[in-house]
Amino acid sequence: QVQLVESGGGSVEAGGSLTLSCTVSTRTDCFGWFRQVPGKKREGVAGIGRGGDTRYTDSVKGRFTISWDNFKKTLYLQMDSLKPEDSAMYYCAADFNGWCMYTEYVESRQFEFWGQGIQVTVST
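The rules behind the values
Residues numbered from 1 in each chain as written. Predicted model: local features only at pLDDT ≥ 70, side-chain atom pairs only at ≥ 80, totals over all residues. Heavy atoms only, no water. Salt bridge = Lys/Arg side-chain N within 4 Å of Asp/Glu carboxyl O. Buried < 20%, exposed > 50% of the residue type's maximum accessible area, 1.4 Å probe, protein only. Core = buried A, V, L, I, M, F, W, Y, C linked by side-chain atoms within 4.5 Å. Helix = DSSP H or I, 4+ residues; strand = E, 2+ residues; numbered from the N terminus. Contact = heavy atoms within 4.5 Å. Pairing = 2+ DSSP bridges. Axes fitted to C-alpha atoms, helices over the stretch in contact; angles between N-to-C directions. Polar contact = N/O pair within 3.5 Å; in protein donor to acceptor, adjacent residues only side chain to side chain.

### Observations regarding the pattern of salt bridges
Opposite charge on two side chains permits pairing when their charged atoms draw close.
Phase 1: Evaluation of the coordinates by the stated rule reveals six salt bridges.
Phase 2: With a shortest N-O distance of 2.7 Å, glutamate 43 and arginine 35 are connected by a salt bridge.
Phase 3: A relative accessible area of 7% means that arginine 35 is categorised as buried.
Phase 4: With its nearest N and O atoms 2.5 Å apart, the salt bridge here joins arginine 109 to glutamate 107.
Phase 5: By relative accessible area, which is 67% here, arginine 109 ends up exposed.
Phase 6: The class for glutamate 107 is partly exposed, based on a relative accessible area of 26%.
Phase 7: Shared partners join several salt bridges into a network, and the residues in it are Arg35, Glu43, Arg63 and Asp86.

Dropping the structure here:
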C-alpha cells in the first residue's frame, strides 16, 4: 500500500506559477500527476519513471516540470505560465510497475495508488 498526500494548490492569476507537492510513503517505479474537471475524464498531465524519464501531455510541455526528491520522498509538479484551462482538481498517483514509461502519455489505468486531490484555479 502507498499513501500519497498532495499540497500546494490554490488560486493564481493567468501567467503565474504554482508548485504542487505530493508526499509519498514508499518509492515506486512510476509516479504521475493527473487532473480532472467536473464532467470530463481524468487527464494524464505528467509522469516520471524510476530512471528519471518523463512524460508530458502536449498542452503542458514547456510549462510544467515533474520531479522526484528521493530523500524527501516527495513528488513535485512545477507549473509555470498557467492558463485558465489548467484549472482542475490535480491528483498524484503511484504504481510499482514501470508501465507508465511504455506509452507516450501517462494513463490512469497505469496507476494503482492515488492521492485525494487538490484544487488549482487559474483566473483571467
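### Brief notes about the nonpolar core
Phase 1: By size, the foremost hydrophobic cluster in this structure holds 29 residues, and its most contacted members are Trp33, Leu75, Leu77, Met79 and Tyr90.
Phase 2: Among the secondary structure elements, those contributing two or more residues to this core are strand 3 (18-24), strand 4 (30-36), strand 5 (43-49), strand 7 (64-69), strand 8 (74-79), strand 9 (88-95) and strand 11 (118-123).
Phase 3: The residues contacting leucine 75, other than those within four sequence positions of it, are Leu20, Ser21, Cys22, Phe31, Gly32, Trp33, Ile48, Ile66, Ser67, Trp68 and Cys92.
Phase 4: Core analysis: the second largest hydrophobic core is formed by seven residues, Cys30, Met101, Val106 and Phe111 among them.

### Concerning the sheet that holds strand 3
Phase 1: Here four strands make up an open sheet; going across it, the order is 1-3-8-7 and the pairing antiparallel. Here the strands that pair on one side only, and so sit at the sheet edges, are strand 1 (4-7) and strand 7. Looking at each pair of strands side by side, their axes are set apart by 15 degrees on average, direction ignored.
Phase 2: Sheet topology places strand 1 next to strand 3; four bridges connect them, and they run antiparallel. The residue bridging leucine 4 from the neighbouring strand is valine 24, located in strand 3.

### Thoughts on the side chain of glutamine 110
Phase 1: Assignment of secondary structure puts glutamine 110 in the loop between strand 9 and strand 10 (113-114).
Phase 2: Only 2.8 Å separates the side chain of glutamine 110 from the side chain of threonine 103, close enough to count as a polar contact.
Phase 3: Those residues in contact with glutamine 110 that sit more than four places away from it in its chain are Asp95, Trp99, Cys100, Thr103 and Tyr105.

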